[in-house]
Amino acid sequence: MDWTSISGFNWGTTSAYSSWQPFLHWYNKPLAYLGTLNKPICVSEFATVDQGGSKATWLTDAYVRIKAVPQIRAIVYYDSVERSSSSTQDWRVDSSPTGLEAFRAAVKTDYFVSDTPAAVTAWADSLDKDDWRYLLALTPIY
């Protein structure tokens, strides 16, 4: 089965070129288009920083919006910190206690799978030392 995918980020006020934007600012038009393709949608990366607004409010709204689009069948939150010489973007859900609380509340519902699926755990358990050594040696390309 073919899937479609989209990613987007709320950069907040982390640079002179960005401002605080709600989830739908990045996703409303692309999701409307992807919905016409009659294929499952993966939100392949999404995240928000704290600077410029409320991460908790943004996360709560994002998960409500995701749940309202039944074609979205998978989501991946980009839980990382990016640093450069001129700025830092902390995308992690636990960069603030209120953000973490909002994230936990959003994914706690029966709609989302918030724990590692059994199949993934079984796969990880089946890996031997050489498999793990290989996987841990991979360098991200971005």
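Refer to the preceding data block for the structure.
What counts as what
- Residues numbered from 1 in each chain as written.
- Predicted model: local features only at pLDDT ≥ 70, side-chain atom pairs only at ≥ 80, totals over all residues.
- Heavy atoms only, no water.
- Core = buried A, V, L, I, M, F, W, Y, C linked by side-chain atoms within 4.5 Å.
- Buried < 20%, exposed > 50% of the residue type's maximum accessible area, 1.4 Å probe, protein only.
- Helix = DSSP H or I, 4+ residues; strand = E, 2+ residues; numbered from the N terminus.
- Contact = heavy atoms within 4.5 Å.
- Phe/Tyr/Trp six-rings, centres within 6.5 Å; stacked < 30°, edge-to-face > 60°.
- Pairing = 2+ DSSP bridges.
- Axes fitted to C-alpha atoms, helices over the stretch in contact; angles between N-to-C directions.

### Things to note about the nonpolar core
- Counting residues in each nonpolar core, the largest one holds 25 residues, and the members touching the most others are Phe 23, Leu 31, Phe 46 and Tyr 63.
- Of all the secondary-structure elements, those providing two or more residues to this core are strand S1 (4–10), helix H1 (23–35), strand S2 (41–48), helix H2 (55–67), strand S3 (72–77) and helix H3 (97–107).
- When sequence neighbours within four positions are dropped, the list of residues in contact with Leu 31 reads Ile 6, Phe 23, Ile 41, Val 69 and Ile 72.

### Focus on unusual backbone geometry
- Phi at Asn 38 takes a positive value of approximately 55 degrees, unusual for a residue other than glycine.
- According to the relative accessible area criterion, Asn 38 is exposed, its value standing at 71%.

### Digging into the packing of aromatic side chains
- Per the counting criterion, the structure on display carries 13 aromatic pairs.
- Ring geometry for Tyr 63 versus Phe 103: centroids 5.9 Å apart, planes at 75 degrees, classification edge-to-face. Of this pair, Tyr 63 sits in helix H2 while Phe 103 sits in helix H3, and the two are 40 residues apart along the sequence.
- The class of Tyr 63 is buried, set by a relative accessible area of 5%.
- Considering the side-chain rings of Tyr 111 and Phe 112, the 5.0 Å spacing of their centres and the 85 degrees angle between planes classify their relative orientation as edge-to-face.

### Focus on the sheet that holds S2
- Read across the open sheet, the three strands follow the order S1-S2-S3; overall the sheet is parallel. At either end of the open sheet lies a strand with only one pairing partner, and these are S1 and S3. For this sheet the average axis-to-axis angle between neighbouring strands, irrespective of direction, equals 20 degrees.
- Of the strand pairs in this sheet, S1 and S2 are connected by seven bridges, and their pairing is parallel. Residue pairing across strands places Phe 9 opposite Ala 47, the latter belonging to S2.
- With respect to the sheet, H1 is in contact with S1, S2 and S3, its orientation differing from that of S1 by roughly 170 degrees.
- Where H2 meets the sheet, it contacts S1, S2 and S3, and its direction lies at approximately 170 degrees from that of S2.

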